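# A closer look at the structure
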Amino acid sequence: MTSVRITPIRFFFAAGATLLTTLSVGAPAFATNEFPPNAVLTATSGCEGDVFHLHATLSNPGGLDTAHFVLNSAGGKYLYEGFGVNIDANISETYDWEFFESVPGTVHITSSDGNPAIDFNFAITPDCVPEVTTTVVTTIPESTIPATTIPATTIPAPTTTAVGQFAPTALPATGSSSPSTGVLAFGLLGVGILLLRFTRRVS
């Protein structure tokens, strides 16, 4: 029978291997970040006068580490392509995008340091400038305007009445229509003839 002699070196080697095996089994597969960041995105947009704006605030409130953001944008006044932004704990930064009227624009902001992860997509074709209505006034040359003829109106002459008198409404009476007046006239005529003859005889 063959006997195996356990020496102190062999004993400590076996104990160390057992300890390492126990630690490897008990350790987690992936290490976790004990000091995580807290990436937060707040965005507002709209027409400001005749220009469209997007305001994006990147912040890290209460974070225990730096939060990382990635910006991509096109079609606006400020263009970004894979632009990285690091925000320290309890710090915020605001980015403004100004878009051109009637030109399509996009903004894409991501961050894996948010809970949940941030994946912000924004697209717009601005329409902030009001339409202008043009009024066309056509002037007609004077020579082409037909003349307007106003027919003459005959105005009767006014009737003038003397102050304190009445305008006659009938012819004056001559007495021919009254029999008594005619007899009296013939009688006076006869008396006149007799007086004339008497005067001639006396003379």
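It should be emphasised that the depicted structure is a prediction, and the values quoted were computed from it without experimental measurement.

The rules behind the values
Residues numbered from 1 in each chain as written. Predicted model: local features only at pLDDT ≥ 70, side-chain atom pairs only at ≥ 80, totals over all residues. Heavy atoms only, no water. Pairing = 2+ DSSP bridges. Helix = DSSP H or I, 4+ residues; strand = E, 2+ residues; numbered from the N terminus. Core = buried A, V, L, I, M, F, W, Y, C linked by side-chain atoms within 4.5 Å. Buried < 20%, exposed > 50% of the residue type's maximum accessible area, 1.4 Å probe, protein only. Contact = heavy atoms within 4.5 Å. Axes fitted to C-alpha atoms, helices over the stretch in contact; angles between N-to-C directions. Phe/Tyr/Trp six-rings, centres within 6.5 Å; stacked < 30°, edge-to-face > 60°.

## Some words on the pairing of strand β4 (residues 80-87)
The pairing of strand β3 (residues 67-74) with β4 spans six bridges and is classified as antiparallel. In the strand pairing of β4, F69 is matched with V85. The antiparallel hairpin formed by β3 and β4 contains five residues in its connecting segment, where G75 sits at a positive phi of about 85°.

## With respect to the nonpolar core
Nonpolar side chains tend toward joint burial in soluble globular proteins. Within the largest apolar cluster, 18 residues are counted, with the highest numbers of intra-cluster contacts made by L58, F69, W97 and I109. Mapped by element, the contributors of at least two residues to this core are β2 (51-59), β3, β4, β5 (92-99), β6 (105-111) and β7 (118-124). Examining the composition of this core, we find that four residues originate from one element, β2, more than from any other.

## With respect to the environment of I118
Considering the arrangement of structural elements, one finds I118 in strand β7. By relative accessible area, I118 is classed as buried at 13%. Spatially, the C-alpha atoms of I118 and V70 are 9.9 Å apart, while their sequence positions differ by 48 residues. The residues contacting I118, other than those within four sequence positions of it, are A39, V40, L41, F69, I109, T110 and S111.

## What to know about the sheet that holds β5
The antiparallel open sheet is built from three strands, whose spatial order is β1-β2-β5. With partners counted over all chains shown, the strands left at the sheet margins are β1 (40-48) and β5, one partner each. In this sheet, neighbouring strand axes are inclined to one another by 15° on average, regardless of whether the strands run parallel or antiparallel.

## Points about the packing of aromatic side chains
Aromatic rings considered in pairs are described by the distance between their centres and by the relative angle of their planes. Summed over the entire model, instances satisfying the criterion amount to eight aromatic pairs. Geometrically, the ring pair formed by Y80 and W97 is edge-to-face, given 5.7 Å between the ring centres and 75° between the ring planes. Pair noted here: Y80 is in strand β4 and W97 is in strand β5, with a separation of 17 residues, a long-range link. Three or more aromatic residues joined by ring pairs make a cluster, and in this case those are F52, F99, F120 and F122.

On their own, these measurements won't tell you what the molecule is for.
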